[in-house]
Structure formats: structure tokens, C-alpha cells
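The chain contents come next:
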Amino acid sequence: MKGGGKVDNVNPLIYRRSGERPVTAREEDDELPDTINDHEIFDLIRSINDPEHPLTLEELNVVEQVRVKVTDAESTVAVEFTPTIPHCSMATLIGLSIKVKLIRSLPERFKVDVHITPGTHASEHTVNKQLADKERVAAALENTHLLEVVNQCLSARS
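The written sequence of each chain sets the order in which its residues are numbered from 1. Owing to the predicted nature of the model, reporting of local features is limited to residues with pLDDT of at least 70; listing and counting of side-chain atom pairs is limited to 80 or more, with chain, interface and lining totals taken over all residues. Side-chain metrics rest on all non-hydrogen atoms present in the structure, leaving aside hydrogens and water.

Per an unreviewed UniProt entry, the chain goes by the name MIP18 family-like domain-containing protein and belongs to Sphenodon punctatus. UniProt positions are given in the numbering used here, feature names are shortened, and annotations may be inferred rather than shown by experiment. According to its UniProt record, the chain has this under Sequence similarities (unreviewed entry): "Belongs to the MIP18 family."

Shown next as C-alpha cells:
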């Protein structure tokens, strides 16, 4: 943990990064409407830093492209994330980091739903309820210390 506290999962499994996605000809064509898809959302969140380990959420398999669903026509993005252990105390922070990254990156028309993969966390219902509550998310981001931690998760590694 970046604050020097107790680490929940001292020996996490590390997964191979999937590599950069090639840009398609359709994406490069300025004449076509620029829709947002699952691949682009995954590209935005894959490099978010884990709050406990010097690894990305992709490297810990917390986020996977198959758990990202985008409906551009309906302006919805849904992301499921899987904490590394069922009692991960960082689950809310990880979800908040994903949500903040998407809110900062996407046009305002998008409704962003970030939640824990069903059956993978002991407090899944509570964490999902917190992440779905706009007022709680806004209040959390007014906390300067918490915002600093979220920004560390979102910053590029040196």
C-alpha cells in the first residue's frame, strides 16, 4: 500500500499484459462517426495503478476487456472489476479510480457503471452501492487525501 499500511494480498498473481491494440482503418477515417467501443474503454483503464502493488490493474487481472461493455448509441459504459482476493480492502478505491478515469476521459453524455464482478468479493453489494451513488462519489472526491490517492492510481508510472 502506498501509505505504508498493511497489504491485503502480499503475493498476488501477475498476468501478462495484452499488448497495445492496433488502430483500425475505421478509427483513422475522419469521415466516419467516432464511436466509443469496449476496446477503447479497456485501453483507458488497463494502465490504472493498483493502490497496493507497483502493478497495473491489467497485470493483476483486476480488469479484463471481456468485462467491459459499451453501448455508444445509449451512451452507457459498464465495467466489472475483480479484486485479487475476496476480502480486498482496496476494492472501493479501485472502483473509484476506474470510475474517475472514465468520467474524466469520456464525453459527459455517458453514464458510467463500475461494479465488482458478481461473486468475487465478500462486500460486493456494499461496494457496488457506494460506487453507484453519485453523491457518495462526489463527496469522496472532495476529500483531498482520497483524491490524492486516486490521482496516484491514475498517474503514469515512472
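(A) Representation of the overall build of the chain. Looking only at helices and strands, the chain has six helices and three strands in total. When the elements of the chain are put in sequence order from the N terminus, they spell out α-α-β-β-α-β-α-α-α. Within the chain, buried positions represent 39% of all 158 residues. For the chain, the computed accessible surface area is about 9,300 Å², with 52% contributed by carbon and sulfur atoms. Secondary structure elements follow DSSP: runs of H or I no shorter than four residues count as helices, runs of E no shorter than two count as strands, and numbering proceeds from the N terminus. For every residue, the accessible area obtained with a 1.4 Å probe (protein chains only) is divided by the maximum for its type, and the residue is called buried under 20%, exposed over 50%, and partly exposed between those limits. Note on areas: these come from Shrake-Rupley sampling with a 1.4 Å probe, and a residue is covered only by the protein chains present in the view.

(B) Focus on the sheet that holds strand 2 (residues 76-81). For two strands to pair, DSSP has to find at least two bridges joining them. Strand order in the open sheet made by the three strands is 1-2-3, with mixed pairing throughout. The outermost strands of the open sheet, each flanked by one partner alone, are strand 1 (68-71) and strand 3 (111-116). When strand polarity is set aside, the average angle formed by the axes of neighbouring strands in this sheet is 10°. With four bridges joining them, strand 1 and strand 2 adopt antiparallel strand pairing. Its bridge partner being in strand 2, Lys69 is matched across the sheet by Ala78. To get an axis, a line is fitted to the C-alpha atoms, and for a helix only the part in contact is used. The angle between two axes follows their N-to-C directions and goes from 0 to 180 degrees.

(C) View of the packing of helix 3 (residues 91-105) against helix 4 (residues 124-132). Where helix 3 meets helix 4, the axes come as close as 10 Å, and the angle between the chain directions of the two elements is 30°. Looking at the two axes, helix 3 sits roughly parallel to helix 4. In this structure, helix 3 meets helix 4 at a crossing whose hand is right-handed. Between helix 3, through Ala91, Thr92, Gly95, Leu96 and Lys99, and helix 4, the contact on the second element is made entirely by Val127, Gln130, Leu131 and Ala132. Residue polarity follows a fixed list, in which Ala, Val, Leu, Ile, Met, Phe, Trp, Tyr, Cys and Pro are nonpolar, Asp, Glu, Lys and Arg are charged, and the others, Gly among them, are polar. In terms of residue class, the contact of helix 3 with helix 4 is built from five nonpolar, three polar and one charged. Here the word oblique covers every angle except those under 35 degrees (roughly parallel), over 145 (roughly antiparallel) and from 65 to 115 (roughly perpendicular). Rotating anticlockwise by less than a right angle from the far helix to the near helix defines a left-handed crossing, while the corresponding clockwise rotation defines a right-handed one. Here, two residues are considered to be in contact whenever any of their heavy atoms come within 4.5 Å of each other.

(D) Looking closely at the environment of Val70. Among the secondary structure elements, Val70 is positioned in strand 1. For Val70, a relative accessible area of 17% gives the class buried. Not counting the four nearest positions on each side in its chain, Val70 is found in contact with Ile36, Asn37, Asp38, Ile41, Thr76, Val77 and Phe110.

(E) Representation of the nonpolar core in the model. Ranked by size, the top nonpolar core spans 37 residues in total, and within it Ile41, Phe81, Ile98 and Leu102 carry the most contacts. For this core, the elements supplying multiple residues, two or more each, are helix 2 (38-45), strand 1, strand 2, helix 3, strand 3, helix 4, helix 5 (134-142) and helix 6 (144-154). Ranked by the residues each element gives to this core, the list is headed by helix 3, at seven residues. Nine residue types can take part in a nonpolar core, namely buried Ala, Val, Leu, Ile, Met, Phe, Trp, Tyr and Cys, and a core is a set of them joined through side-chain atoms within 4.5 Å.

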